[in-house]
Amino acid sequence: MNRFERVLEDCLERLAGGEASLEDCLRDYPEFVEELRPLLEAASWVKRGAEVQPSPEFRQRGRARLMAHVRAHPRRPIPAWTRGLLSVYRLAVGLTVLALAIFVTGMAFAQFAMPGDSLYGWKLASEAAWRAVSPDPVATDLALAERRVRELLSVSGSKREIALQGYQEILARLTSQADPAAQERIIPALTDQRENLAQAGISLPDLDEYLSSLPVPTPLPLPPAPTPALPDLTLTPVVPFEVPTLETPTVSETLVP
C-alpha cells in the first residue's frame, strides 16, 4: 500500500467515524487535494444516501396510495408473450445495473492503479473524461502531471517508461500554452516537478529545455538613493568690538610727595 492509499484509508475511517469532515481531511493532506476530493465526496454522498430513512407517516401515505391505485386498476391477465418480454426487460435492466456498478467500482479502484497494473487503463480513461469536462484544462493538466511524477518516483523499469510517456504527453500540452496568465501557473509547477525528479536521479531533456529557454526576468531598476541634506555652512560675520584704551599714569602722579 503506497502513501496515497494509506491517506485515503485514514480519511475514509475518519469520515465514517465522524471524527473529521471532508475539508479537515483535505487540509491535513494538501499534497493529495486533487485526488482525494472526488473520492471523498463520492464516499460522503453514499453515506448520506444510506442514512436516509422514510418517516412512518410517509410510509403510511405511500401504502394507502398504493392500495387505492390497486383497487382502481385491477390486474388484468398478462399474455404469455408479454410475460416473456417483461422477463427479458428485467434481465436487461439487472445486467445494466450490475455492469454500471462494476464500472463505477472499477473506476474508483483504478485511481490507485500504477503503470503496468490491470486497472491503469481505466485510470487513464477516467482522467481523459475528467479533462474533457473540466472548466480549467490547465489546472487539470497540472494535477495530472503531478500524478505522473508520483508514478515516476514510485515505479521503475518498464513501468517507469509508461509513466514517462504519459508525463511527456501532458508536458507537451502545458508547454504549448501561450497565454501569459497560464504560464504564470505552469512555470512554477514544472520547476518544482523538475526538482523532485532530479532528487530521484530522473532527468527529462524536454522539461530541462523548456525551462532553460524561458527568458530571464529583467530586474527592476533601483530607485535613486536620496541625497542627504547638507547642513547650512553660511558663515556669520563677526562684529569687531573696540578694545578700551587704558590711560597710563605719568610718573609724577605715581610718586608720593
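Refer to the preceding data block for the structure.
Structural notes, computed from the coordinates. What you are looking at is a predicted structure, and each value in this text was computed from that prediction instead of being measured.

### Structural notes on the side chain of Gln193
Thinking step 1. Among the secondary structure elements, Gln193 is positioned in helix H9 (residues 180-199).
Thinking step 2. Non-local contacts of Gln193, meaning those with residues more than four positions away in its chain, are made with Leu142, Ala145, Glu146, Val149 and Tyr167.

### Topic: the nonpolar core
Thinking step 1. In terms of nonpolar packing, the biggest core is built from 22 residues, with Leu152, Tyr167, Leu174, Ile186, Leu190, Leu204 and Leu207 touching the most fellow members.
Thinking step 2. Elements with a contribution of two residues or more to this core: helix H7 (137-154), helix H8 (158-175), H9 and helix H10 (205-212).
Thinking step 3. If near-sequence neighbours (up to four positions away) are discounted, Leu190 is found in contact with Tyr167, Leu171, Leu174, Thr175, Leu207, Tyr210 and Leu211.
Thinking step 4. Listed in part, the 15 residues of the second largest apolar core include Cys11, Cys25, Tyr29 and Phe32.

### Structural notes on helix H6 (residues 120-133)
Thinking step 1. Between its first and last C-alpha atoms H6 spans 20 Å; for 14 residues at 1.5 Å apiece the expected length is 20 Å, and the two agree.
Thinking step 2. Listing the buried residues of H6 in full gives Tyr120, Lys123, Ser126 and Glu127. Seen from one end, H6 has its buried residues packed into an arc of 115°, which puts them on one side. Along H6, exposed side chains directed more than 90 degrees from the buried face belong to Ala132 and Val133.

### Here's the deal with the state of the cysteines
Cysteine pairs can be covalently joined through their sulfur atoms, and such a bond is termed a disulfide.
Thinking step 1. Tallying each qualifying case throughout the model produces zero disulfides.
Thinking step 2. The cysteine Cys11 is free of any disulfide, with Cys25 supplying the nearest cysteine sulfur at 3.6 Å.
Thinking step 3. Judged by its relative accessible area of 0%, Cys11 falls in the buried class.
Thinking step 4. Residue classification places Cys25 among the buried positions, given a relative accessible area of 0%.

Conventions adopted
Residues numbered from 1 in each chain as written. Predicted model: local features only at pLDDT ≥ 70, side-chain atom pairs only at ≥ 80, totals over all residues. Heavy atoms only, no water. Helix = DSSP H or I, 4+ residues; strand = E, 2+ residues; numbered from the N terminus. Contact = heavy atoms within 4.5 Å. Core = buried A, V, L, I, M, F, W, Y, C linked by side-chain atoms within 4.5 Å. Buried < 20%, exposed > 50% of the residue type's maximum accessible area, 1.4 Å probe, protein only. Expected span 1.5 Å × (residues − 1). Arc of directions from axis to C-beta. Disulfide = S-S within 2.5 Å.

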